[in-house]
Amino acid sequence: HMHYLCKSKETSDAWCVERGEAALDALEHHLSQWRWLVSDQFTIADIALFAYTHLAHEGGFDLTPRPSARETEGRTMTPGSPTSGDAGEWTLMIL
C-alpha cells in the first residue's frame, strides 16, 4: 500500500516509481559487494541510508527481493560497536 505525496501507487507518477525502484536496485547491487555503503567500514553514509531503507515500505517499495539492503539495515540496528563491524549503540550515540 503506497502513499507518496498523498497519492496511491496507482495514481503516482510512474516515472517516480520507476526511478525509486532503479535506485533501490543500484543500492542492492552495490551492497551485494560491500558490507557498508562507502566501504567495509560503517560511516555516516550508512546512517543516512538507514532512513530510506527503513521507511521504504511507506513509499510502496519492497525490500524483500533486495537481501543485501535488508541485511545492511539490520546491521545498522544491531547492537555492537564500530570495531566489531556493526553500528548499533554507536549509531544512537551519534544521532
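Predicted model, so just to flag it, every value in this text is computed and none were measured.

Participant: Is there a simple way to explain the packing of aromatic side chains in this structure?
Facilitator: Given two aromatic rings, their pairing is described by the distance between the two centres and the angle made by the two planes. A complete count under the given rule lists one aromatic pair for this structure. Seen in terms of ring centroids, Trp-36 and Phe-42 are 5.0 Å apart; in terms of plane orientation they differ by 75 degrees. Their pairing is edge-to-face.

Participant: Can you help me understand the layout of surface pockets in this one?
Facilitator: Rolled over the atoms, a probe as big as a water molecule pinpoints where empty space is left. Here the largest pocket is characterised by a volume of approximately 240 Å³. Considering the residues around the largest pocket, the lining is formed by Arg-19, Gly-20, Ala-23, Leu-24, Leu-27, Leu-37, Leu-49, Ala-51, Tyr-52, Leu-55, Ala-56 and Phe-61. Of all the secondary structure elements, the ones that give two or more residues to the lining of the largest pocket are α1 (14-31) and α2 (44-54). It is α1 that contributes the most residues to the lining of the largest pocket, five residues altogether. Looking at side-chain class alone, the lining of the largest pocket contains ten nonpolar, one polar and one charged residues.

Rules and cut-offs
- Residues numbered from 1 in each chain as written.
- Predicted model: local features only at pLDDT ≥ 70, side-chain atom pairs only at ≥ 80, totals over all residues.
- Heavy atoms only, no water.
- Phe/Tyr/Trp six-rings, centres within 6.5 Å; stacked < 30°, edge-to-face > 60°.
- 1 Å grid on protein atoms, 1.4 Å probe; cavity = no way out; pocket = protein on both sides within 12 Å on 5 of 7 lines; lining within 4 Å.
- Points joined across faces, edges and corners; volume = space filled by probe spheres on them.
- Helix = DSSP H or I, 4+ residues; strand = E, 2+ residues; numbered from the N terminus.
- Nonpolar A, V, L, I, M, F, W, Y, C, P; charged D, E, K, R; others polar.

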